[in-house]
Amino acid sequence: MIDATNAVLEKWQPKLESLDSTDSAIWTRISLGSVEICNSIEWTDWSLNPIQVIHCIECGHCPTGIQADISRLGEHVLWTMPEVNCNDGKFKIDEIDGQEGQHLLNMFEGTGPKYPEIVTILIPTQVWNIWQSTCKKLPQAANIPQTTRKQLGIAWISEAPKKMGLRSMEGAIDCIESQLLASSTMDTPDAVIVLTSLLDWISSDPQAPVIGQLRKPVELNAELEECYFDIPGNDMWHPFARLGDKYTFMFGDDTILYPSPLK
Ligand SMILES: [Zn+2]
């Protein structure tokens, strides 16, 4: 997960062709280092989900294909990639013809935004509400819909080693089972049982809101499970952690869902 606690809001002015010289648009972008996670708070329709968060910097209207699902989980606002982005892996600019295609080529091949491919972005609600107080176009954190089990699942697979090819919830367990070689504290079949339980919890009610928080494992004495996969290069992943006698989802090396969703 990308921690966007230190992201900043910046005003900037795109040179939109659709506006004449007497007119101008001032946009507010959300930047994290060299990455723009949204290039216009003003032109984003925050009432939708998923929402387009990167807008064409030449006309404002071309569909850039860069969308995020925005949800709230405990004390965090979560941006997950809609499953359609995950399936594609990457937006295919060359499929768009004419002026739109040219705009987008200029944007992505030039100095335009560089968007992380398939990632989850995490923003503390406290930080979000500070942004909201200076830019009223943003919804208040309390009004952002709660993260669903399915969105949590997308966040989870976005943290899997890319070489596993895990791109959607469907078939995830088959993909994991066929590649899992070993697990640090249990036999491989037992690790598959844990993973199946977690994924079954998602598929049993994918639109249900998740009750819980994203927390640091060290604060809760959670034990991270190391799973090794039959893939070249990067072969280790922490897909879950043990919390007492229960297991829970783990995201990257430093975030778990608390409490465990399993009975
Ligand atoms: Zn355009």
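S.K.: Explain the sheet that holds strand S16 (residues 255–258) here, please?
M.R.: For sheets, the rule is that strands pair by backbone hydrogen bonds, running either parallel or antiparallel. In spatial order, the strands read S10-S16-S15-S14-S11; together these five strands make up an open sheet with antiparallel pairing. Because the sheet does not close on itself, it has two edges, and the strands there are strand S10 (213–215) and strand S11 (223–224). Summarising the sheet, S11 and strand S14 (residues 240–243) pair through two bridges and their orientation is antiparallel. Bridging across to S14, Leu224 finds its partner in Ala241.

S.K.: Any chance you could explain unusual backbone geometry here in plain terms?
M.R.: Residue Pro50 is bonded to the preceding Asn49 through a cis peptide linkage, with omega at 0 degrees. Within the secondary structure, Pro50 is located in the loop between strand S4 (35–38) and strand S5 (51–52). The phi dihedral of Asn221 falls on the positive side, at around 55 degrees, and the residue is not glycine. Following the sequence through the fold, Asn221 ends up in the loop between S10 and S11.

S.K.: So what exactly am I meant to see when it comes to the sheet that holds strand S12 (residues 227–229) here?
M.R.: The strand order across the open sheet formed by three strands is S9-S12-S13, and the pairing between neighbours is antiparallel. If you trace the sheet from one side to the other, it starts and ends with strand S9 (180–183) and strand S13 (236–237), each paired once. Note that S12 and S13 share two bridges and pair antiparallel. Across the sheet, the residue bridging to Tyr228 is Met236, located in S13. Against the sheet, helix H6 (residues 188–204) contacts S9 and S12, and its axis sits at roughly 100 degrees relative to S9.

S.K.: Just to check I follow, could you spell out the nonpolar core for this structure?
M.R.: The nonpolar side chains of soluble globular proteins are, as a tendency, buried together. Ile37, Leu122, Leu198, Phe240, Phe249 and Ile256 are the most contacted members of the largest nonpolar core, which totals 55 residues. Counting residues per element, this core draws most heavily on H6, at six residues. Two domains each provide a minimum of three residues to this core, namely domain 1 (2–143) and domain 2 (149–258). Listed in part, the five residues of the second largest apolar core include Cys56, Ile57, Cys62 and Leu104.

S.K.: Looking at this structure, I do not really get the confidence of the model for the protein chain. What am I missing?
M.R.: Should the pLDDT be low somewhere, the predicted coordinates at that spot are not to be read in detail. Per-residue confidence for the protein chain gives a mean pLDDT of 87; residues scoring 70 or more make up 87%. Averaged pLDDT values for the elements of the protein chain fall to 46 in helix H1 (residues 83–88) and rise to 98 in S16. Long-range and interchain partners of residues 84–91, a stretch whose pLDDT sits below 50, account for 14 contacts in this model, where long-range means more than four residues apart.

Criteria and cut-off values
- Residues numbered from 1 in each chain as written.
- Predicted model: local features only at pLDDT ≥ 70, side-chain atom pairs only at ≥ 80, totals over all residues.
- Pairing = 2+ DSSP bridges.
- Helix = DSSP H or I, 4+ residues; strand = E, 2+ residues; numbered from the N terminus.
- Contact = placed C-beta atoms within 7 Å.
- Axes fitted to C-alpha atoms, helices over the stretch in contact; angles between N-to-C directions.
- Core = buried A, V, L, I, M, F, W, Y, C linked by C-beta atoms within 7 Å.
- Buried ≥ 20, exposed ≤ 12 C-beta atoms within 10 Å, placed from the backbone.
- Domains from an automatic or database assignment.
- pLDDT = per-residue confidence, 0-100.

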